[in-house]
Amino acid sequence: MAKRKTILDVQRMKAEGEKITVLTAYDYPFARFMDAAGIDMILVGDSVGSVVCGYDTTLPVTMDEILYHTRAVVRGSSQALVIADMPFLSYQVYLREARLNAGRLIKEGGAAAVKLEGGENVAETIRAIVAMDIPVVGHIGLTPQSIHRMGGYRVQGRVQEQAERLLADARAVEEAGAFAVVLEGVPKELARQITAALKIPTIGIGAGVHCDGQVLVIHDILGLCEKYSPRFVKRFADVSQTIRGGIDDYIREVKEGTFPTDSHSFE
Ligand code: KIV
């Protein structure tokens, strides 16, 4: 069994120009599939709120929910580095609370790193968590927890002033000690500039091909989330048809009395 990847592997991948693969997972079976396939990092994202719990935004997700899903993902993986997302209100109010919550994701969840959204505004928080020897991933650009400030899920950094702010945010996250940064919903040329300016890897989602790695939500790439599909998502498989077919067949066979057969029954 391959040993679990660490932040040193991630640093090496950036240095050697090897692309870094990241997917979200929220449960044991999906974690097992992607771990066996050799994914580099698994993110237990607060996107769980949208794709699993059916919330309109990620804002209602709680620490207890992320802890529950993180434990399942850690149990289902053995070689991927597991990152737990810090949900809204778990790190924004008090530094002490941010440190405690980051610590809980490591101690109770079993994650090896945490992720939080923001740039210069959370640099002090990143520094405080890193000082506890907890690896941190930053997340800038389209930050879903800021939906009300952004006025929707919009590409960020299209105008010069915003682009300069994002570059400053990326530098602040790196200086604060993060070992990687997610760039979400950013024009690809800006993502290229940020990637070139940083020593830590950039992990893109809707940020083009020049990032050091890519992350996507597992439900999006498998066609499990039929509500809405952003432009940056590629559907690598469409399992919804298979799921629907299986459920339809089950209902039909039970109604007809053709399931269970003798081979599914005990004497
Ligand atoms: O919550 C999440 O899944 C994320 C990724 C999309 C980056 O933050």
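Just so you know, these numbers come straight off a predicted model, no measurement behind them. (Residues numbered from 1 in each chain as written. Predicted model: local features only at pLDDT ≥ 70, side-chain atom pairs only at ≥ 80, totals over all residues. Heavy atoms only, no water.)

**Student:** Break down the overall build of the protein for me, citing the residues and quoting the values.
**Tutor:** A tally of helices and strands in the protein yields eleven helices and eight strands. The C-alpha atoms of the protein give a radius of gyration of 20 Å, which matches the 18 Å a tight globule of 267 residues would have. In terms of principal-axis extent, the alpha carbons of the protein reach across some 70 × 40 × 40 Å. Taking all 267 residues of the protein together, the buried fraction comes to 50%. For the protein, the proportion of contacts with a sequence separation of at least 24, taken over those separated by at least 6, is 57%. Carbon and sulfur atoms make up 55% of the accessible area of the protein, which amounts to about 13,900 Å² in all. With 30 positive and 34 negative side-chain charges, the protein shows a separation of 4 Å between the mean positions of the two kinds. (Helix = DSSP H or I, 4+ residues; strand = E, 2+ residues; numbered from the N terminus. Rg over C-alpha atoms; globule rule 2.2 N^0.38 Å. Buried < 20%, exposed > 50% of the residue type's maximum accessible area, 1.4 Å probe, protein only. Contact = heavy atoms within 4.5 Å. Areas by Shrake-Rupley, 256 points an atom, 1.4 Å probe, with all protein chains shown as cover. Lys, Arg positive; Asp, Glu negative; His and termini not counted. Charge placed at Lys NZ, Arg CZ, Asp CG, Glu CD.)

**Student:** Break down the site of the ligand for me, citing the residues and quoting the values.
**Tutor:** All residues adjacent to the ligand are Thr24, Leu43, Gly45, Asp46, Ser47, Asp85, Lys115, His139, Val182, Ile205 and Val217. In this structure, an oxygen atom belonging to the ligand sits 3.0 Å away from a side-chain N or O atom of aspartate 46. Taking 260 Å² as the accessible area of the ligand by itself, protein coverage stands at 95%. Residue composition of the shell around the ligand, grouped by class: four nonpolar, four polar and three charged. (Near = heavy atom within 4 Å. Polar contact = N/O pair within 3.5 Å; in protein donor to acceptor, adjacent residues only side chain to side chain. Nonpolar A, V, L, I, M, F, W, Y, C, P; charged D, E, K, R; others polar.)

**Student:** Describe the layout of surface pockets, listing the residues and the values that go with them.
**Tutor:** If you add up the space inside the second largest pocket, you get close to 490 Å³. Broken down by secondary-structure element, the contributors of at least two residues to the lining of the second largest pocket are β5 (136–141) and α8 (160–175). For the lining of the second largest pocket, the element with the most residues is α8, which contributes four residues. Considered class by class, the residues forming the lining of the second largest pocket number eight nonpolar, twelve polar and five charged. (1 Å grid on protein atoms, 1.4 Å probe; cavity = no way out; pocket = protein on both sides within 12 Å on 5 of 7 lines; lining within 4 Å. Points joined across faces, edges and corners; volume = space filled by probe spheres on them.)

**Student:** Please provide a residue-by-residue account of the packing of helix α4 (residues 63–75) against helix α5 (residues 95–107), values included.
**Tutor:** Contact geometry of α4 with α5 gives a least axis separation of 9 Å together with a crossing angle of 25°. In this view, α4 runs roughly parallel relative to α5, as classed from their interaxial angle. The way α4 lies across α5 gives a crossing that is right-handed. On α5, the residues that touch Met63, Asp64, Ile66 and Leu67 of α4 are Asn101, Arg104 and Leu105. Split into classes, the residues belonging to the contact of α4 with α5 amount to four nonpolar, one polar and two charged. (Axes fitted to C-alpha atoms, helices over the stretch in contact; angles between N-to-C directions. Parallel < 35°, antiparallel > 145°, perpendicular 65-115°, else oblique. Left-handed = near helix turned anticlockwise from the far one by under 90°.)

**Student:** A description of the sheet that holds strand β8 (residues 213–216) should follow, citing residues and the corresponding values.
**Tutor:** With parallel pairing, the eight strands of this closed barrel are ordered in space as β1-β2-β3-β4-β5-β6-β7-β8. This sheet shows a mean twist of 25° between the axes of neighbouring strands, independent of strand direction. (Pairing = 2+ DSSP bridges.)

**Student:** Describe the pairing of strand β6 (residues 180–184), and please don't skip the residues or the numbers.
**Tutor:** Among the five residues in β6, five count as buried, and that is most of the element. Taking every second residue as pointing to the same face, both faces of β6 are buried, with Ala180, Val182 and Glu184 on one and Val181 and Leu183 on the other. Relative to β6, β5 is paired through five bridges, and the arrangement is parallel. Bridge assignment links histidine 139 to a residue of β6, and that residue is valine 182. Here β6 pairs with strand β7 (residues 202–205) via four bridges, running parallel. When the sheet's bridge partners are listed, leucine 183 is paired in β7 with glycine 204.

**Student:** How would you summarise the packing of α8 against helix α9 (residues 188–197) if you had to cite specific residues and measurements?
**Tutor:** Relative to each other, α8 and α9 sit at 30°, their axes nearing to 10 Å. In terms of orientation, α8 and α9 fall into the roughly parallel class. Of the two elements, α8 crosses α9, and the hand of that crossing is right-handed. In this structure, α8 contributes Ala163, Leu166, Leu167, Ala170, Arg171 and Glu174 to the contact, and α9 contributes Leu190, Ile194 and Ala197. Class assignment for the residues of the contact of α8 with α9 results in seven nonpolar, no polar and two charged.

Taken by themselves, the reported measurements are silent on function.
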